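Chains, contacts and geometry: an overview
Each chain is listed here by its residues.
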Amino acid sequence: MLLRHKAIVCALGLSLFCSGTGRAVERTGALSRVATPAESLPIATDVRVGGDDKQTRFVVDLTQKVDVAAFALGNPYRVVIDLPQVTFKLPAKTGEQGRGLVKAFRYGLIMQGGSRIVLDTKGPVRIDKSFVLEASVGQPARLVIDMSATDRDSFQRTASLETHSSRGSAVKPSEVAPKATGDQRPLVVLDPGHGGIDNGAKAASGEFEKAVVLQFALTLRSKLESSGKYRVAMTRSDDTFIPLTERVRFARSQGAALFVSIHADAIPRSEGQAEGATVYTLSENASDSEAARLAEAENRADVIAGVDLTAEPDDIANILVDLAQRETKTYSAQFARTLVGELKATARLHKNPVKAAGFKVLTAPDVPSVLVELGYMSTKNDLKLLTSTAWQAKTAAALAQAVETFFAQRLAGTSGRAN
Ligand SMILES: [Zn+2]
């Protein structure tokens, strides 16, 4: 599964994910990232979409010329535009509505050193031209993508040809090689959901899940580290997109003893109100329809970011067979229960606080893994808590206590094996 996924990501030119150890950051290791100073980055200042349902032109104004690579993906139909890291200074609602063949679009960091724009298209499109014009008198540099409507068969022919071309070659991120040294303390991997181009759930007042969960994970990291008992690594510690499989791969390659994915949910207003925290473990059969909906939404992160998953593998059932032969499942369930016990005292809990569903990010067969939905971005009271420093500190302390209990039980050999 990992190899196949790796091949897909490599085909996309995301060569950072093709290296041995990945990009994620371990505090105890040195991160040798070559960051570009923000002030020297090109800035995207405006976007225009013109045309109709047959031919559409997408234009981005830039403060300097950059290299660009564009390709189309199906299922759902999208156009992905990769560029070197760009600062987007665009009006708040940019991308919510498109025109012509473009339904909507989003943009953001896809990795350190690389930005991406993803256009959702009304159907299969062909990219006729993609180029960047130099600035000229009275005109900024402009990125231009011309596309036209095509049919499904021609789309598929072009897509398979493109797989063999040098897709995404504009993105050349720096290599990172963190590695722990001889430290025997258990490694806890914290996984703030979403990031970069993928905002996650959005509150009516504009807050993004990706920012809320990152803030929380950073607070939790300090709490765990201050105990001195654990090493802590994060799949992301800034606003960067990380594919789901890469998060799993990172936890495994680092030898994590526990993986905690952190999210905040949202439900449409039509489905009423929901509140409180929920802890999820992996299961082929979702414990209820809400859990199934949530797993489906969270599993869409890679689609949102324009990662090609057409060859994405291994259904959850196969992974579970593997899991059944290990203690991972037992430990995951044990940690989930411990965590709910701790959260009870400090955080509001959902009415059914322990659930299970097919979350891709929980599929490491050898790392006990849970996904915590801290609360609902769509519920006013929850959002107030989620964005409060005091609540975050209190809840992070409860989580840290659950980690403590979990490892104490494991050391004492009293795992929840009876379950
Ligand atoms: Zn999420």
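For the structure itself, look to the data block above.
Residues numbered from 1 in each chain as written. Predicted model: local features only at pLDDT ≥ 70, side-chain atom pairs only at ≥ 80, totals over all residues. Heavy atoms only, no water.

**What about the overall build of the protein chain?**
For the protein chain, the count of helices and strands is ten helices and 16 strands. Taken over 419 residues, the protein chain has a buried fraction of 53%. For the protein chain, the share of sequence-separated contacts (at least 6 apart) that also reach a separation of at least 24 residues comes to 77%. As displayed, the protein chain has an accessible area near 17,900 Å², and 51% of this comes from carbon and sulfur atoms. (Helix = DSSP H or I, 4+ residues; strand = E, 2+ residues; numbered from the N terminus. Buried < 20%, exposed > 50% of the residue type's maximum accessible area, 1.4 Å probe, protein only. Contact = heavy atoms within 4.5 Å. Areas by Shrake-Rupley, 256 points an atom, 1.4 Å probe, with all protein chains shown as cover.)

**Overview of the coordination of the zinc ion**
The zinc ion binds to the protein through H194 (NE2), E209 (OE), H263 (ND1), E298 (OE) and E298 (OE); the donor distances cover 2.0 to 2.3 Å. Taken in chain order, the donor set of the zinc ion reads H-x14-E-x53-H-x34-E. Here E298 lies in helix α5 (residues 289-299) and E209 lies in helix α3 (residues 209-226), a separation of 89 residues in the sequence. Take E209: its relative accessible area is 2%, and that puts it in the buried class. Exposure remark for E298: the relative accessible area of 7% places this residue in the buried category. (Donors = N, O, S within 2.8 Å, 3.2 Å for Na, K, Ca; no water.)

**Quick word on the packing of α3 against helix α10 (residues 389-411)**
Contact pair α3 / α10: the axes reach a minimum separation of 9 Å and the direction vectors enclose 55 degrees. On the basis of their axis angle, the class for α3 and α10 is oblique. In the packing of α3 onto α10, the handedness of the crossing is right-handed. Here V212, Q215, F216, T219, L220, K223 and L224 of α3 come into contact with α10, specifically with Q392, A393, T395, A396, A397, L399, A400 and V403. A per-class count over the contact of α3 with α10 returns ten nonpolar, four polar and one charged. (Axes fitted to C-alpha atoms, helices over the stretch in contact; angles between N-to-C directions. Parallel < 35°, antiparallel > 145°, perpendicular 65-115°, else oblique. Left-handed = near helix turned anticlockwise from the far one by under 90°. Nonpolar A, V, L, I, M, F, W, Y, C, P; charged D, E, K, R; others polar.)

**What about the layout of surface pockets?**
Here the largest pocket is characterised by a volume of approximately 910 Å³. As for the largest pocket, its lining consists of 37 residues, of which I197, D198, N199, G200 and F208 are closest to the centre. Considering every element that reaches the lining of the largest pocket, the biggest residue donor is strand β7 (residues 102-111), with five residues. Residue composition of the lining of the largest pocket, grouped by class: 16 nonpolar, nine polar and twelve charged. (1 Å grid on protein atoms, 1.4 Å probe; cavity = no way out; pocket = protein on both sides within 12 Å on 5 of 7 lines; lining within 4 Å. Points joined across faces, edges and corners; volume = space filled by probe spheres on them.)

**Quick word on the nonpolar core**
Counting 43 residues, the largest nonpolar core has L220, L224, V260, F335 and L339 as the members making the most contacts within it. The element best represented in this core is α10, accounting for nine residues. Ignoring sequence-local partners within four residues, the contact set of F335 consists of L258, V260, V370, A402, V403 and F406. Ranked by size, the runner-up nonpolar core spans 28 residues in total, among them I117, L119, V125 and A141. (Core = buried A, V, L, I, M, F, W, Y, C linked by side-chain atoms within 4.5 Å.)

**With respect to the side chain of T94**
With respect to the secondary-structure elements, T94 resides in the loop between β6 (87-88) and β7. In terms of polar contacts, T94 uses its side chain to reach the backbone carbonyl oxygen of P91, at 2.6 Å. In this view, T94 contacts V47, F105 and Y107; residues no more than four positions away in its chain are not counted. (Polar contact = N/O pair within 3.5 Å; in protein donor to acceptor, adjacent residues only side chain to side chain.)

**Examining the side chain of D82**
One can find D82 in strand β5 (residues 78-84). A distance of 2.7 Å separates a polar atom in the side chain of D82 from a polar atom in the side chain of R116.

**A closer look at the pairing of strand β3 (residues 55-62)**
With respect to burial, β3 is a largely interior element, six of its eight residues being buried. Here strand β2 (residues 43-51) folds back onto β3, and the loop between the two strands holds three residues. As defined by bridge partners, β3 adjoins strand β10 (residues 141-149) across eight bridges and the pair is classed as antiparallel. Along β10, the bridge assignment pairs R57 with D146. (Pairing = 2+ DSSP bridges.)

**Topic: the sheet that holds strand β4 (residues 69-73)**
Ordered in space as β4-β5-β8-β7, the four strands form an open sheet in which the pairing is antiparallel. At either end of the open sheet lies a strand with only one pairing partner, and these are β4 and β7. Along the sheet, successive strands turn relative to each other by an average axial angle of 20 degrees, direction set aside. Here seven bridges tie β5 to strand β8 (residues 114-121), and the two strands are oriented antiparallel to one another. Bridging from a neighbouring strand, V79 pairs with L119 of β8.

**Regarding the packing of aromatic side chains**
Two aromatic rings are characterised by how far apart their centres lie and by the angle between their planes. All chains considered together, the criterion is met by nine aromatic pairs. Residues F58 and F105 carry aromatic rings whose centres are separated by 5.1 Å and whose planes lie at 80 degrees to one another, so their mutual orientation is edge-to-face. Placement of F58 in strand β3 and of F105 in strand β7 is noted, with a sequence separation of 47 residues between them. Residue F58 is classed as buried on the basis of its relative accessible area of 0%. On the numbers, 5.4 Å between centres and 70 degrees between planes, the contact of F335 with F406 is edge-to-face. You can see F335 sitting in helix α8 (residues 328-346) and its partner F406 sitting in helix α10, a full 71 residues away along the chain. Relative accessible area serves as the criterion here: at 0%, F335 is assigned to the buried category. For F406, a relative accessible area of 0% puts it in the buried group. Among the aromatic residues, those joined into a ring-pair cluster are Y230, Y331, F335, F406 and F407. (Phe/Tyr/Trp six-rings, centres within 6.5 Å; stacked < 30°, edge-to-face > 60°.)

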